[in-house]
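# Fold and contact review
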Amino acid sequence: MQIDYNVSLKNFNTFGIDVKADKVITVTSENDIKELIQGRMIAHGQYLVLGGGSNMVFTSDFHGVVLRMANKGIKTISVNGNEVMVEAQAGEVWSDFVWHCINKDYCGVENLAGIPGTVGASPVQNVGAYGVEAKDIIHLVRAYDIKTGELKVFNNTDCRFGYRNSVFKQTLKDRYIVASVIFKLSIDAQPNLEYRALANAVGMKGYRNPTPRQVAETVEEVRDSKLPNPNQIGSAGSFFKNPVVTISVRDTLLRRYPNLVSYEYDDSHYKLAAGWLIEQSGWKGKSLGKAGVYEKQALVLVNRGGCTGREVYTLAKAIMADVEDKFGVRLEPEAIII
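Residues numbered from 1 in each chain as written. Predicted model: local features only at pLDDT ≥ 70, side-chain atom pairs only at ≥ 80, totals over all residues. Heavy atoms only, no water.

Bridge analysis of strand S1 (residues 2-8) against strand S2 (residues 20-27) gives 6 bridges, and the strand direction is antiparallel. The residue of S2 that forms the bridge with Ser8 is Lys20. Strand direction decides the pairing type here: S2 and strand S5 (residues 62-69), joined by 6 bridges, are parallel. For Lys23, the partnering residue across the bridge sits in S5 and is Val65. (Pairing = 2+ DSSP bridges. Helix = DSSP H or I, 4+ residues; strand = E, 2+ residues; numbered from the N terminus.)

Enumeration over the complete set of coordinates arrives at 11 aromatic pairs. Measuring from ring centre to ring centre gives 5.8 Å for Trp276 and Phe327, while their planes differ by 50°; the resulting arrangement is tilted. Of this pair, Trp276 sits in helix H7 (residues 274-280) while Phe327 sits in helix H8 (residues 309-327); the two residues are 51 residues apart in sequence, bridging distant segments of the chain. Feature note: the residues Trp94, Phe97 and Phe183 constitute an aromatic cluster, connected by ring pairs. The ring of Tyr270 is capped by Arg250, whose NZ or CZ atom sits 4.0 Å from the centre of that ring. The ring of Phe327 carries the charged tip of Lys326 above its face, separated from the ring centre by 5.6 Å. (Phe/Tyr/Trp six-rings, centres within 6.5 Å; stacked < 30°, edge-to-face > 60°. Lys NZ or Arg CZ within 6 Å of the ring centre and 35° of its normal.)

A few words now on a nonpolar patch on the surface. A contiguous nonpolar patch, built from Met1, Ile3 and Tyr5 and spanning about 290 Å² of accessible area, is present on the exposed surface. Assignment of secondary structure puts Ile3 in strand S1. (Patch = residues over 30% accessible without salt bridge, like charges linked within 9 Å, V, L, I, M, F, W, Y side chains within 5 Å. Areas by Shrake-Rupley, 256 points an atom, 1.4 Å probe, with all protein chains shown as cover. Salt bridge = Lys/Arg side-chain N within 4 Å of Asp/Glu carboxyl O.)

Across a regular strand the side chains alternate sides, sitting on one face of the sheet and then on the other. Across the 7 residues of strand S7 (residues 83-89), 6 count as buried, placing the element largely inside the fold. Note: strand S6 (residues 74-80) against S7, 6 bridges, orientation antiparallel. Bridge assignment links Ser78 to a residue of S7, and that residue is Met85. Linking S6 back to S7 in an antiparallel pair, the connection comprises 2 residues, with Gly81 at a positive phi of about 65°. (Buried < 20%, exposed > 50% of the residue type's maximum accessible area, 1.4 Å probe, protein only.)

At a minimum axis distance of 9 Å, the contact between helix H2 (residues 94-103) and helix H5 (residues 212-226) shows a crossing angle of 150°. Classified by the angle between their axes, H2 and H5 sit roughly antiparallel to one another. Here H2 runs over H5; the crossing is left-handed. Of the residues in H5, those touching H2 at Ser95, Trp99, Ile102 and Asn103 are Pro212, Arg213, Ala216, Glu217 and Glu220. Residues of the contact of H2 with H5, tallied by class, amount to 4 nonpolar, 2 polar and 3 charged. (Axes fitted to C-alpha atoms, helices over the stretch in contact; angles between N-to-C directions. Parallel < 35°, antiparallel > 145°, perpendicular 65-115°, else oblique. Left-handed = near helix turned anticlockwise from the far one by under 90°. Contact = heavy atoms within 4.5 Å. Nonpolar A, V, L, I, M, F, W, Y, C, P; charged D, E, K, R; others polar.)

So, in structure tokens, the structure goes:
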């Protein structure tokens, strides 16, 4: 492992916010995780696991230990008929993992192409896009208890996945460090095109029976048309969760706003498009200080140049207040504000 002190995190978060960490430890292997715990180099509530930094907004310097997960490795564990088990280390770049699987003609990850971040964050955040979530393909999560140093293997049910949520963000927050994730994929499966925008984009390309590669390429094209390149414009991707409301709330809003964008979530709930709510509240393209709302997608907050985390947080709170005032719906940040 590598240990550095008084480190700027500007290049380690996609928003490009310039704050410092007292100590940064770069983890390059599973043995590093064991050594950290055994040597009591981290303590509950005093450390932060940082993968790609694509979902973080730092509002101040971090006075603790930042763990940069850089352990790499992807391997196929087993092939049983149509079922494939693939293990990826926590520090693997998520996009690299997705394309590794696609290049092997494994199905199941294609809708999640283009999501920034690392594999280790996928079960914590239950990342998702275009009708698929990490929970749909995660089989096991291998993680170390920072109190005992023991390795625990969580099955899918143990993870208690929810919308952009898991047990690792709730009752076990800061208790475990994810070492690797085992995914259950398929060799031959029909693509998931339930998400309307993706189905339309695939249809416009003339794909009647699209391959996983064709779906993944289409997903990345759609994302690129809506989301800023973090190498050019700092952001944390989709900043807010799409709020989930009851059918009665959705129907009431639909009567007032016939163009309301919503999607069926389950038998009794609908998911509202947060970007639509924000745009209708007049925030698309606007700024507060050096933080702004992206011109192409109101769900995305961006760095206009040298913005601070506090400016981002101020902007987010203003948007949340206006949306709640106009629609009676409370937005919740998807980005983690520290």
